[in-house]
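Observations on the model geometry
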Amino acid sequence: MTAGSDSVLELLPMVFAAPGEALAGAREVLDGDPTPFQASVANHVIGIWQRDFGDIRLALHHLRRARDLAARADSAEREADVLGTLGVALVHAGRTRQGLEAFERGISRGTGQTRARVLYRRAYVWWVLGRHPEALEDVRRAIAVLRQADDVIWIARALTLRATVHLALGAVDRADADFTAAERLWETTGQEHDKADAVESRGLAAFRSGDIPVALQLLDEAEEMYAKLATPTFMLTIRRCEVLMSAGLAGEALTHADAAVRLLDGIGGQSTRKAELLLVAARAARLADDPHTAIARAAVAVRLFAAQRRTWWETHARLVLIEARLAAGRASGRLVADAASVADRLAAFGSPSAPEASLLAGRIALALGWTADAERHLAAAARSRHGGPPLARMTGWAAQALRAQAAGSGRGVLEACRRGLDVLDDHRTTLGASELRARATAQGAELAALAQRASLASGGPRRLLVWSERWRATALSTPPTRPPSDPTLLSGLTAFREIAARAEEARMEGHPVPALEREQRRLEREIRSRTLHMRGDAPGEGDRFDPTRLLARLGAGRLVELAVVDGRVHVLLCGDGRVRRFETGLLAEAMAEAEHIQAGLRRLAHPGAEARLPVVEAAGRHLEELLLGEAARHLGSGPVVVVPPGRLHRVPWALLPSLRDRVLSVSPSAGSWLRALDTEPPSGGRHVLVRGPGLATGGAEVPDLADQYGRPTVLEHDDAEVPRVLAELDGATLAHIAAHGTFRADSPLFSSLRMADGPLIVHDFERLARSPYRIILSSCDTARLASVGADELLGLVTALLPLGTAGVIASSAPVNDAAVVPLMLSLHKGLSTGLSLAEALRDARAALPGDAVHQATGWAFSAFGAA
């Protein structure tokens, strides 16, 4: 590398082709006897590497050395090139004024191609500073010269930068054209880091156009490319966090952003990136309902952006700070003025976030009773409802709904909410993964709540029922996209199962398992990542809930839907041809009482806790008062279907006195119950019985059930391995699975049933062409679910319902294995006489011994669906 100036110059493009080799080559040059020119290039290379992948302070040291050596070499072009790089580094270090001065000197010293490269770098800095018109002007001037010189690498960089600026201004189509042109050029080069950056940028473009699965897939591809180069990915982290937040995964985004800040601080990295990461963390904390963390992160981001003279970024950080202060209960006239000022500045910048700021100003003004101010700001925000990405249009419809509310137009509120939720539905159905579909509904929570309030104020119970159904369990309305026949995904699931089984065996033997747990978490991340890439079907109308059809199908039965409006539970009692409304208790009180009951049931699962039985029964009576109130006296004598909100999914409904002796089933929504009612059983009448390992009774009911059903498929011991179990479950009429259940609150789709070769997880069930028509899960916690999004549920039961299962028996609490056996035998005896799951479960409870353990076991199980 010391043979001559030309060979040393080859190190510069290597920084973004093979960063490690470039760094080693530059150090080799300096270890020799370089000329000032050669030493300038070597220091330049090290400065670039440290600026982008290491310590910004070391970067400045080497770049200043490179500049001084270029002057000694009397090379104006070399000095101009270094000054362009130094300008970027100074801005990233927060020294904006010095950085811009370095650019002025570089532009004046350079000519032709070198000057164009300096202009490109200054355009990049203008983008970093949020000065987009200046960025577009400099990159336009640079591209013209670079094309004349046929400088492919720098033309591709300039096109990528111009596309990124277009995205910041909301011009997605222009950005896509530039990204496409740049990618064609990158394919002709060996610039591996630049290629990874191009893939990352395409992910950003997909996100801006509203295509979350493709965005996640491209960002994952870019991450793999960066990993091969061993380079940090702070910008990728920022973009991934933005996508995760839009998908309803704000808590996950906050974890990623905070971890990146710690890593950046540890290596002494760019101050500009730290500010951007703090802004992302603040937004994520606000969306995760942690306003105090959001305030702390946003306040530091504002200070850093101000010190860096990045007004565009500072304004966006101030928007998040105001949103967080409002969420923390700090509404005031000053906050209205601040939000309005931010909205005006964002509009002047051409930022797509301007409508969000106007909506915020209008919302605060409305809360303070400043109707004229509210109307002005909300009208500005409402203009975004007719164009742009889905979330921007939803912002516009939310503003329009608030305008109608302020004007006293209930009809206007409902129309705006309907239009906004239609946008969300179209967006949601592009998502293939059930987790993303469920979490995405959080974006419509405000619209749904506004519609419920309007329905309560101006409409009858039937209208409130329609709107309660409009946003309840929508992720279950259609099956999730089937996972592709992806060899990597299938091998990942197999490896996960093997590692999880080894970890479980080691724990039982008392051995430490940190290495196995780390590998299990890695495999979980890989599986989840690949499933999130799945795209949904094209948007369609879907099923619209019809109260008249519901009432006709109920017959002599009743459906009890619990709607929550402003924290108060409203019972919508459907039956006898009408819908009646009863106002009951506070949701918070009911949730607290349900948790006390769960604790009681856990204790009653073990002998010796009989004294707790009267306490649990008393809690059941109190919970009935909170949840059903006067409605309990109007349930009639027929079957009852309970449709609770997601946050009450763990209530053991059979414990409530008015429901204890009834034919009782539970459903995530009235629409879900109707779909289950219409589900036809498969032909063939195939029965499958599965026994997993490690049960206290060994799944003692299974041999008796095998005798009862004649010639069912029985899978036990080594036959009860996941691939065989899934093959037999597919399309079965009835499946009974006696296996340990594990609920994963941190990752509900990894909730599992323990088979001979490891866990059978929700992701496995989603691969079934058709899940069993009826399925009975006889072990603990199989009915536990995670409440996510607006009012969605994730877990074993909700994974089965959209896949062809019409009815499930499962437990929402720990149960006594021995007491389960007589309950299950009685249950199946009822099924063999033609009873439904709900009817058979009622009779099975009644046949149990009267002791505390057996009674608690009966209450813990619920019938879900309509089979």
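Everything here concerns the structure above.
Now for a look at the structure at hand. (Residues numbered from 1 in each chain as written. Predicted model: local features only at pLDDT ≥ 70, side-chain atom pairs only at ≥ 80, totals over all residues. Heavy atoms only, no water.)

Turning our eyes to something else, we now look at the overall build of the protein. Counting its secondary structure elements, the protein contains 39 helices and 16 strands. Its C-alpha atoms give the protein a radius of gyration of 31 Å, near enough to 29 Å, the size a compact globule of 867 residues would have. The C-alpha extent of the protein, read off along each of the three principal axes, is 100 × 70 × 50 Å. Considering only intrachain contacts with a sequence separation of at least 6, the fraction spanning at least 24 residues in the protein is 70%. Carbon and sulfur atoms make up 50% of the accessible area of the protein, which totals about 33000 Å². In the protein, 103 side chains carry a positive charge and 103 a negative one; their mean positions are 5 Å apart. (Helix = DSSP H or I, 4+ residues; strand = E, 2+ residues; numbered from the N terminus. Rg over C-alpha atoms; globule rule 2.2 N^0.38 Å. Contact = heavy atoms within 4.5 Å. Areas by Shrake-Rupley, 256 points an atom, 1.4 Å probe, with all protein chains shown as cover. Lys, Arg positive; Asp, Glu negative; His and termini not counted. Charge placed at Lys NZ, Arg CZ, Asp CG, Glu CD.)

A few words now on the packing of helix α12 (residues 192-208) against helix α14 (residues 234-246). Relative orientation and spacing of two packed helices are given, respectively, by the angle between their axes and the distance between those axes. It is the contact of α12 with α14, at a shortest axis distance of 11 Å, that shows an interaxial angle of 20 degrees. One finds that α12 runs roughly parallel with respect to α14. By crossing handedness, the relation of α12 to α14 is classed as left-handed. Contact with α12, carried on its side by Asp197, Glu200, Ser201, Leu204, Phe207 and Arg208, involves Met235, Leu236, Arg239, Glu242, Val243 and Ser246 of α14 and no other residues of that element. Taken together, the residues of the contact of α12 with α14 break down into 5 nonpolar, 2 polar and 5 charged. (Axes fitted to C-alpha atoms, helices over the stretch in contact; angles between N-to-C directions. Parallel < 35°, antiparallel > 145°, perpendicular 65-115°, else oblique. Left-handed = near helix turned anticlockwise from the far one by under 90°. Nonpolar A, V, L, I, M, F, W, Y, C, P; charged D, E, K, R; others polar.)

What follows covers the environment of Arg122. In this fold, Arg122 is placed in helix α8 (residues 112-129). A C-alpha to C-alpha distance of 6.6 Å links Arg122 and Phe103, two positions 19 residues apart in sequence. Contact partners of Arg122, with chain neighbours within four places excluded, come to Phe103, Glu104, Ile107, Asp138 and Arg141.

Now for the sheet that holds strand β11 (residues 758-761). Spatially, β9-β10-β11 is the arrangement adopted by the 3 strands of the open sheet, whose pairing is antiparallel. The open sheet has two edge strands, β9 (741-742) and β11, and neither has a second partner. Both β9 and strand β10 (residues 752-755) contribute to a ladder of 2 bridges, which runs antiparallel. Paired with Gly741 across the bridge in β10 is Leu753. Helix α34 (residues 722-729) rests against β10 and β11 of the sheet, and its axis sits at about 30 degrees to β11. (Pairing = 2+ DSSP bridges.)

This part is about helix α11 (residues 172-186). Helix length check: α11 (15 residues) gives 21 Å between terminal C-alpha atoms against 21 Å at 1.5 Å per residue, within 8%. Of all the residues in α11, the buried ones are Ala175, Asp178, Phe179, Ala181, Ala182 and Trp186. Looking straight down α11, one finds that the buried residues subtend no more than 165 degrees of arc, so they occupy a single side. Facing away from the buried side of α11 by over 90 degrees, the exposed positions are Asp173 and Arg184. Contact partners of the buried residues in α11: α10 (152-168) and α12. (Expected span 1.5 Å × (residues − 1). Buried < 20%, exposed > 50% of the residue type's maximum accessible area, 1.4 Å probe, protein only. Arc of directions from axis to C-beta.)

Of note in the backbone geometry, Asp150 takes a positive phi value of approximately 55 degrees without being a glycine. One non-glycine residue, Asp576, lies in positive phi territory at about 60 degrees. Within the secondary structure, Asp576 sits in the loop between β2 (568-575) and β3 (578-586). Residue Asp576 is classed as exposed on the basis of its relative accessible area, which comes to 56%.

Mapped onto the elements of the fold, Arg528 is located in helix α28 (residues 514-532). Look at Arg528 and you get buried, because its relative accessible area is 13%. Sequence-distant contacts of Arg528, defined by excluding residues within four places in its chain, comprise Leu249, Glu252, Glu435 and Phe750.

Here the focus is the packing of aromatic side chains. Summed over all chains, the structure comprises 7 aromatic pairs. Between the aromatic rings of Trp49 and Phe53, the centroid separation amounts to 5.8 Å while the plane-to-plane angle is 75 degrees, which identifies the pairing as edge-to-face. Placement of the pair is Trp49 and Phe53 together in helix α4 (residues 36-53), with a separation of 4 residues, close to one helical turn. For the residue pair Trp49 and Phe53, the accessibility class agrees, reading buried in each case. Residues Phe496 and Phe750 carry aromatic rings whose centres are separated by 5.4 Å and whose planes lie at 65 degrees to one another, so their mutual orientation is edge-to-face. A residue pair is termed long-range when its members are at least 10 positions apart, and Phe496 in helix α27 (residues 487-508) and Phe750 in the loop between β9 and β10 qualify at 254 residues. Taking relative accessible area as the criterion, Phe496 reaches 2% and is therefore assigned buried. On the accessibility criterion, Phe750 (3% relative accessible area) is buried. Linked through ring pairs, Phe16, Trp49 and Phe53 together constitute an aromatic cluster. Directly above the aromatic system of Phe37 lies the positively charged group of Arg78, at a separation of 5.9 Å from the ring centroid. (Phe/Tyr/Trp six-rings, centres within 6.5 Å; stacked < 30°, edge-to-face > 60°. Lys NZ or Arg CZ within 6 Å of the ring centre and 35° of its normal.)

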